[in-house]
Amino acid sequence: MSTATLPASATLLRLATAGSVDDGKSTLVGRLLYDSKSVLADQLDAVERVSRDRGLDGADLALLTDGLRAEREQGITIDVAYRYFATARRAFVLADCPGHVQYTRNTVTGASTADAVVLLIDARKGLLEQTRRHLAVASLLRVPHVVVAVNKIDLVDYSAERYAELAAEIRAASADLGVPAIHTVPVSALVGDNVVDRSDATPWYDGPSLLELLEDLPVGEDVTAQHLRFPVQVVLRPQGAARDPQHVDYRGYAGQIAEGVVRPGDEVVVLPSGKRTLVEAIDTADGPLAEAFAPQSVTLRLTDDIDIARGDTIVAADDVPALTQDVTATLAWLGEKPLRAGQRVLVKHTTKVVQAVVRDVVGRLDLDAAHLVPGDTLELNDIGRVQLRLASPVPAEEYAEHRRTGAFCVIDPADGLTLAAGMVGDALAAARFPGDRPADFAI
Amino acid sequence: MTTTTDAPAVQAAPYTLSHLDLLESEAIHIIREVVAEFERPALLFSGGKDSVVMLHLAAKAFWPAPVPFPVVHVDTGHNFPEVLAYRDAEVERLGLRLVVASVQDYLDDGRLQERADGTRNPLQTQPLLDAISGGRFDAVFGGGRRDEEKARAKERVLSLRDEFGQWDPRNQRPELWNLYNGRHRPGEHVRAFPLSNWTELDVWRYIERENIALPGLYYAHEREVFDRDGMLLAVGPYSAPRTDAEAASVRTEVVRYRTVGDMSCTGAVSSDATTVADVIAEVATTRITERGATRADDRISEAAMEDRKKEGYF
Ligand SMILES: Nc1nc2c(ncn2[C@@H]2O[C@H](COP(=O)(O)OP(=O)(O)O)[C@@H](O)[C@H]2O)c(=O)[nH]1
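Owing to the predicted nature of the structure, the values given are computational and were not obtained by experimental measurement.

Turning our eyes to something else, we now look at the sheet that holds strand S7 (residues 229-231) of chain A. Strand order in the open sheet formed by seven strands is S7-S15-S11-S12-S14-S9-S8 (chain A), and the pairing between neighbours is antiparallel. Two strands bound the open sheet, and with one partner strand each, they are S7 and strand S8 (234-236) of chain A. Going from strand to strand, the sheet's axes swing by 40° on average, the running direction of each strand aside. Here four bridges tie strand S11 (residues 267-271) of chain A to strand S15 (residues 313-316) of chain A, and the two strands are oriented antiparallel to one another. Bridge pairing in S15 of chain A links Val 268 of chain A to Ala 316 of chain A. With respect to the sheet, helix H1 (residues 19-37) of chain B is in contact with S8, strand S9 (252-256) and strand S14 (297-302) of chain A, its orientation differing from that of S14 of chain A by roughly 65°.

Below is the structure:
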């Protein structure tokens, strides 16, 4: 790792892997770590030792990423594992998500925070059901970039025709599913072609290697095109506990900016009260700031003494989102027990937890036909549309436009389990599923 | 990286946070969420660099208010004296309440037995869990990083522990966006890991940027050491040579520690890194992981860490 030279301004890219089981994901991740020199000698020794014990010839790089004992015993990846590597140009966090059907919830988890999804397909097999499902998940979760690695290109004799055919198929599927930006690269994870270094075996491909592509992807959203959204996490009022007497009367609102830019003097509205005031100062432990932007963690002080609590949202006065108790949402259902209409749940939206009841389960998404099938339950791994009624109003915005303030999770009030990833609005329509038009399906 | 070293770093566009700023913001967000949603949080503080960085972040998260929770130290009785002195000075400086869970007390009254190999790290679990239930702590901040070890790579930022303090790796809650679900039943608690996404190098870069003081043994110094199992152990009251070969290897070397733990099983590395910048350069070119180099207890088996975590270890 030559990462000591990583400049202070270098950015961090969050990746999530996806793909069907056996398409070569573990091998690819192992290869990325190995070729970017992020695997250290003792880790490699352990992998070589285990590979030998299993009677393999070389080191099985997939072992680098298969962490838990059960996985080692069964030879499968069962849970999201996080990997870290850096090049001289950028730092990466990689959420390695297992490919079994029953673990789609892991893909949802990994994709929720990802700047890019790396989706593997086996060049021999092409697009499988699970590939489409993962494309749909990436699209629904509005992951800004999807990079499809057409793997095992060595097993189709480095065929330019096969790659072109698959690339066209991927583009068509991505367009159907509304994937924001799609990139394709022919690779062999096993041999290393086009993973870190460009390969001589694919002279017909003149694009970047997978790693080069990832190094150059733009990261984050354009905060200047957004309006301030600041969910309050904690109210800071040290009073008598202040370590510095000058802060006895301090009152600040601490949180992480979800969207937009804020400056002292900006006019803001506090939701749900609707009270208007001005930003007096933006505080940090390192001193006040002249401006702050998403996703910085800061503390805002306001000109007026308004009653503000955790769960409130401070927003730009010139773009105040509507408050609503009735939410149409897309759910990725992650619970073992099915969801039914009438069920009571908790909804965590930004920093607020509210009670809710499921008014209606409208239907679930059929990924093969890419349209909504009417139905009244959602089972584990289903993605569907529901109507929720919340116990108190929240500034829920369309997820398609607001990846932070449009997201929520559904929690079981009885046992505290996380039941679903929720996206406000008709994310299915936003993802342009062909059969999913209002005419087909009136809500 | 051979292919890209001459290429420029991807420059942050205006209004893009650098990777350290992003990690800092994420950690502060996590710390504030836990404090807002739990009744009695506490922070595990050993004086080791990760816990020091975590405490620094906590102080920033609540400024100008004080850190709103106590710190817990599991004292194996085999600690480096300079680390204990550092711990006490930090507690004093930040006006914290310190809860000490003492492994020695457990050995003295027979609740725990000394192990044949003399290692006390595995003995920390019981005192830790007792301190958590005794303090009725419902959330405990730990400095664990996912880059440390394979089992940790799957740990959630908020990780539920049952009433016995156990971790069930097969039954973890999905963690979506930055919406952390801290619901738990009475008797259960949650471990919170604000540094989940940091690497060893990130921690050091942050220590440099923020000018954070650490116990001196993180930097190169002379020390009397001997060889055991391919590690350099300090000659001290809790770690003396046991065999002739070990005794024959005793010598003074310039070393530093990459992790700070129990003297009896934490190895030093040969190093002449006397400043943070030296350490960063060294860490960036090292070929051995932090734990592989310095922790005897993780070498017990392939799955040593996973087994201890399931039982409620840090
Ligand atoms: N020939 C060839 N085999 C590969 C390639 N990538 C992976 N494999 C093999 O495909 C099998 C499945 O790979 P693995 O990484 O375990 O798949 P995962 O289930 O997606 O993680 C293993 O036997 C790999 O060695 C490749 O690019 N070329």
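Residues and elements named next belong to chain B. Taken together, the six strands give an open sheet; going across it, the order is S3-S2-S1-S4-S6-S5, and neighbouring strands pair in mixed fashion. If you trace the sheet from one side to the other, it starts and ends with strand S3 (98-102) and strand S5 (158-161), each paired once. Within the sheet, the average angular offset between the axes of one strand and its neighbour, ignoring direction, is 30°. Looking at chain direction, S5 and strand S6 (residues 189-192) are connected through four bridges and run antiparallel.

On to the site of the ligand, then. Residue and element names in this part refer to chain A. In the neighbourhood of the ligand, 15 residues make up the surrounding shell, with Asp 22, Lys 25, Ser 26, Thr 27 and Asp 154 lying closest. Between a nitrogen atom of the ligand and a side-chain N or O atom of Asp 154, the distance comes to 2.8 Å. Bound to the protein, the ligand loses 77% of the 580 Å² it would expose on its own. Of the residues forming the shell around the ligand, the biggest block, three residues, is contributed by helix H1 (residues 25-35). When the residues that make up the shell around the ligand are grouped by side-chain class, the tally is four nonpolar, six polar and five charged.

Let us now look at the packing of aromatic side chains. The description of an aromatic ring pair rests on the distance of the ring centres and on the angle between the ring planes. The tally for this structure, following the rule as stated, stands at twelve aromatic pairs over all chains. Measuring from centroid to centroid gives 5.4 Å for Tyr 163 of chain A and Trp 204 of chain A, while their planes differ by 35°, and the two rings are tilted. One end of the pair, Tyr 163 of chain A, is in helix H6 (residues 160-177); the other, Trp 204 of chain A, is in the loop between strand S6 (182-186) and helix H7 (210-216), with 41 residues separating them in the sequence. Measuring from ring centre to ring centre gives 5.8 Å for Trp 204 of chain B and Tyr 218 of chain B, while their planes differ by 75°; the resulting arrangement is edge-to-face. Of this pair, Trp 204 of chain B sits in helix H6 (residues 200-210) while Tyr 218 of chain B sits in the loop between H6 and strand S7 (221-228), placing them 14 residues apart in sequence. With relative accessibility at 1%, the residue Tyr 218 of chain B sits in the buried group. When the ring centre of Tyr 106 of chain B is taken as origin, the NZ or CZ atom of Arg 111 of chain B, which lies over that ring, is 3.8 Å away. Positioned above the aromatic ring of Tyr 82 of chain A is the side chain of Arg 146 of chain B, whose terminal nitrogen or guanidinium carbon lies 3.7 Å from the ring centre.

In this section: the environment of His 145 of chain A. Residues and elements named next belong to chain A. Summarising the element assignment, His 145 is placed in strand S5 (residues 145-151). For His 145, a relative accessible area of 10% gives the class buried. Counting along the chain gives 95 residues from His 145 to Val 50, while the straight-line C-alpha distance between them is 36 Å. Discounting chain neighbours no more than four positions away, the residues touching His 145 are Asp 115, Ala 116, Val 117, Ala 181, His 183, Leu 217 and Pro 218.

Below, the discussion takes up the domain arrangement of chain A. With domains assigned, chain A is organised as domain 1 (11-216), domain 2 (224-316) and domain 3 (324-441). Distance between the C-alpha centres of domain 1 of chain A and domain 2 of chain A: 41 Å.

All right, on to the packing of helix H5 (residues 129-140) of chain A against H6 of chain A then. All names here are of chain A. Where H5 meets H6, the closest approach of the two axes is 9 Å, and the angle between their N-to-C directions is 45°. Our classification of the angle between H5 and H6 gives oblique. The crossing of H5 and H6 is right-handed. Each of Arg 132, Leu 135, Ala 136 and Ser 139 in H5 lies in contact with H6, whose residues at this interface are Ala 173, Ser 174 and Leu 177. Looking at the contact of H5 with H6 residue by residue, the class counts come to four nonpolar, two polar and one charged.

With that out of the way, let us pick up the pattern of salt bridges. It is possible for side chains of opposite charge to pair when their charged atoms get near one another. All names here are of chain B. Throughout the structure, instances matching the rule amount to 43 salt bridges over all chains. For Glu 200, the salt bridge identified is with Arg 258, shortest N-O distance 2.8 Å. One end of the pair, Glu 200, is in helix H6; the other, Arg 258, is in the loop between strand S9 (251-257) and strand S10 (268-270), and 58 residues separate them in sequence. The exposure class of Glu 200 is buried, given its relative accessible area of 7%. We classify Arg 258 as buried; its relative accessible area is 5%.

Let us look at the confidence of the model for chain A. Considering every residue of chain A, the mean pLDDT works out to 87; 88% of them sit at 70 or more. Of the regions scoring below 50 in pLDDT, residues 430-443 of chain A engages in 34 contacts with residues more than four places distant in sequence or in other chains.

What follows is about the domain arrangement of chain B. Residue and element names in this part refer to chain B. According to the domain assignment, chain B consists of domain 1 (19-200 + 305-310) and domain 2 (202-299). Relative to domain 2, the C-alpha centre of domain 1 lies at a distance of 22 Å. Each partner contributes to the interface: domain 1 provides 37 residues, whereas domain 2 provides 31 residues. The junction of domain 1 with domain 2 conceals about 3200 Å² of combined surface from both sides, 54% of it contributed by carbon and sulfur atoms.

Quick notes on the rules
- Residues numbered from 1 in each chain as written.
- Chains lettered and ligands numbered in written order.
- Predicted model: local features only at pLDDT ≥ 70, side-chain atom pairs only at ≥ 80, totals over all residues.
- Heavy atoms only, no water.
- Pairing = 2+ DSSP bridges.
- Helix = DSSP H or I, 4+ residues; strand = E, 2+ residues; numbered from the N terminus.
- Axes fitted to C-alpha atoms, helices over the stretch in contact; angles between N-to-C directions.
- Contact = heavy atoms within 4.5 Å.
- Near = heavy atom within 4 Å.
- Polar contact = N/O pair within 3.5 Å; in protein donor to acceptor, adjacent residues only side chain to side chain.
- Areas by Shrake-Rupley, 256 points an atom, 1.4 Å probe, with all protein chains shown as cover.
- Nonpolar A, V, L, I, M, F, W, Y, C, P; charged D, E, K, R; others polar.
- Phe/Tyr/Trp six-rings, centres within 6.5 Å; stacked < 30°, edge-to-face > 60°.
- Buried < 20%, exposed > 50% of the residue type's maximum accessible area, 1.4 Å probe, protein only.
- Lys NZ or Arg CZ within 6 Å of the ring centre and 35° of its normal.
- Domains from an automatic or database assignment.
- Parallel < 35°, antiparallel > 145°, perpendicular 65-115°, else oblique.
- Left-handed = near helix turned anticlockwise from the far one by under 90°.
- Salt bridge = Lys/Arg side-chain N within 4 Å of Asp/Glu carboxyl O.
- pLDDT = per-residue confidence, 0-100.
- Buried area = accessible area lost by both parts, 1.4 Å probe.

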